[in-house]
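Fold and geometry: a report
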Amino acid sequence: MPELPEVEVVRHGLAPAVTGATIERVEVLDERSLKRHDGPAEDFIDRLTGARLIAPVRRGKFLWMPVAVGEGSFGDPVEALVVHLGMSGQVLLRSRGADDGPLTRIRFEIVHPEYGELLVNFVDQRIFGSMALDALQATPDGAAGGYGSPLALVPGQVAHIARDPLDPAFDDAAFIAALRRRRTGIKRALLDQTLVSGIGNIYADEALWAARLHYDRPTASLPVARVRELLSEVRVVLARALEEGGTSFDAQYVNVNGASGYFSHSLRAYGQQGRPCARCGGLIVREQFMNRGSHFCPRCQPRARRRRAA
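Summary of the structure given here. Keep in mind it's a predicted model, so treat the numbers as computed, not measured. (Residues numbered from 1 in each chain as written. Predicted model: local features only at pLDDT ≥ 70, side-chain atom pairs only at ≥ 80, totals over all residues. Heavy atoms only, no water.)

**So, the packing of helix α5 (residues 201–211) against helix α6 (residues 224–243)**
- Interaxial distance between α5 and α6 falls to 8 Å at its minimum, and their mutual angle equals 130°. In terms of orientation, α5 and α6 fall into the oblique class. Helix-helix and strand crossings are classified by hand; for α5 and α6 the assignment is right-handed. In contact with Y203, E206, A207, L208, A210 and A211 of α5, α6 contributes R226, E229, L230, E233, V234, V237, L238 and A241.
- Taken together, the residues that form the contact of α5 with α6 break down as ten nonpolar, no polar and four charged. (Axes fitted to C-alpha atoms, helices over the stretch in contact; angles between N-to-C directions. Helix = DSSP H or I, 4+ residues; strand = E, 2+ residues; numbered from the N terminus. Parallel < 35°, antiparallel > 145°, perpendicular 65-115°, else oblique. Left-handed = near helix turned anticlockwise from the far one by under 90°. Contact = heavy atoms within 4.5 Å. Nonpolar A, V, L, I, M, F, W, Y, C, P; charged D, E, K, R; others polar.)

**What about the side chain of R58?**
- Structurally, R58 can be placed in strand β3 (residues 57–59).
- Within the local environment of R58, its side chain forms a polar contact with the side chain of E8, the two groups lying 2.7 Å apart.
- Polar side-chain contacts of R58 include one of 3.2 Å to the backbone oxygen of G60. (Polar contact = N/O pair within 3.5 Å; in protein donor to acceptor, adjacent residues only side chain to side chain.)

**Topic: the pattern of salt bridges**
- Taken as a whole and assessed by the stated rule, the structure comprises 22 salt bridges.
- One salt bridge in this structure joins E24 and R96, with 3.0 Å as the shortest N-O distance. You can see E24 sitting in strand β1 (residues 22–28) and its partner R96 sitting in the loop between β6 (89–95) and β7 (104–112), a full 72 residues away along the chain.
- For R25, the salt bridge identified is with E109, shortest N-O distance 3.5 Å. Of this pair, R25 sits in strand β1 while E109 sits in strand β7, and the two are 84 residues apart along the sequence.
- A residue is classified by how much of its surface remains accessible, and R25, at 41% relative accessible area, is partly exposed. (Salt bridge = Lys/Arg side-chain N within 4 Å of Asp/Glu carboxyl O. Buried < 20%, exposed > 50% of the residue type's maximum accessible area, 1.4 Å probe, protein only.)

Following this line, the structure appears as structure tokens:
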């Protein structure tokens, strides 16, 4: 499933082409991709036709484009086009007249004041992703709703999602305190999007490997210094993945032009089972974890010793 770097690559690619663009036509080719929209396809089409798109915004793995209705709209937008990529969703920019392909679920014809007429296609093989129009609400802390826009607004569908570690408004102290109050394993905590967003299975494994922490280490047992170290490694891993365009294992993980990322060549733990650890030479192993796998080096990331009962 796409994580923060993959979604940020999409946001970054969309921004120049959609910011300030007007939606001339909307086609819903598969209504299953509107499962999170509160209304029928006709409502989705009517409300977006003629709307102007504002700069796309990302929080964690979530992406949205605020929309303005009417010429010379005044004030902040009141709703946004929310994009859930799911497991295989893609948002692709195309020239008008380009072949949609069989997996295109929703198509937008837009016109941009600088780049002219374009297509924005929502493509989704497994149809776990979706698009929806959703009301915007003020952020509780008054800071920008996410990366890409100064607007202190967030869609209702995203309001429960915590800020991500690359967000300037992310509160390190609050995160550390909340993490150490949890009674769970550290990887479960990192995957909890209401605690910290943007981190999925891949980057959790990579950050834990870099911090030399076992994935099942109890959160309450971590000293503050170790949590700060882990948070630093999370940021390093996410930033490095961003530089390389995210992680692509197949054609499902691409940017708006259909190009793949290269971070898969830099992975140290995830997907490396049976290979030597890049740090100590021990073999990376994979264990079953939350209906997926967890990858780690038993030598560098030993399991925490359990205290014997008195």
